[in-house]
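Listed below, chain by chain, are the residues.
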Amino acid sequence: MAQVSKNSRVGSSTHKFLCPCGGEIKMKTVFANGKKKNYAECEKCKRQERKPSDFK
Ligand SMILES: [Zn+2]
């Protein structure tokens, strides 16, 4: 009996996000108050949001 896994969608973490200005959004990590914090920043207009999906 061969079972085929339908949940084999791994390895799609290279998702690119673009800012409305056309710049590429990069994830950044900073340490603040001993805590690791992630945020997204546009390479072009330097706009910062908490998540890449907030660029709209
Ligand atoms: Zn931008």
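The structure presented is a predicted model; accordingly, all values stated were derived computationally and were not measured. (Residues numbered from 1 in each chain as written. Predicted model: local features only at pLDDT ≥ 70, side-chain atom pairs only at ≥ 80, totals over all residues.)

### Overview of the overall build of the chain
The secondary structure content of the chain amounts to zero helices and three strands. Along the chain direction, N to C, the helices and strands of the chain fall in the order β-β-β. Taken over 56 residues, the chain has a buried fraction of 5%. Within the chain, contacts between residues at least 6 apart in sequence are counted, and of these 23% link residues at least 24 apart. (Helix = DSSP H or I, 4+ residues; strand = E, 2+ residues; numbered from the N terminus. Buried ≥ 20, exposed ≤ 12 C-beta atoms within 10 Å, placed from the backbone. Contact = placed C-beta atoms within 7 Å.)

### Some details on the sheet that holds strand β1 (residues 25-32)
With respect to topology, three strands assemble into an open sheet ordered β1-β2-β3, the strand pairing being antiparallel. Taken across any chain shown, the strands that pair with only one partner, and hence form the sheet edges, are β1 and β3 (48-49). Two strands pair when backbone bridges link them, and strand β2 (residues 35-42) and β3 are joined in this way by two bridges, in the antiparallel orientation. Bridged to Ala-40 within β3 is Glu-49. (Pairing = 2+ DSSP bridges.)

### Notes on the environment of Lys-26
Inspection of the secondary structure assignment puts Lys-26 in strand β1. Owing to 13 C-beta atoms within 10 Å, Lys-26 belongs among the partly exposed residues under this scheme. Linking Lys-26 and Gln-48, residues 22 residues apart in sequence, is a C-alpha distance of 9.7 Å.

### Some words on the environment of Lys-44
Checked against the element boundaries, Lys-44 lands in the loop between β2 and β3. Spatially, the C-alpha atoms of Lys-44 and Gly-22 are 7.7 Å apart, while their sequence positions differ by 22 residues. Sequence-distant contacts of Lys-44, that is, excluding residues within four places in its chain, are made with Cys-19, Cys-21, Gly-22 and Gly-23.

### A few points about the pairing of β2
Bridge count between β1 and β2: eight bridges; the pairing is antiparallel. For Ile-25, the partnering residue across the bridge sits in β2 and is Cys-42.

Fair warning: the whole summary comes from geometry, so function is off the table for now.
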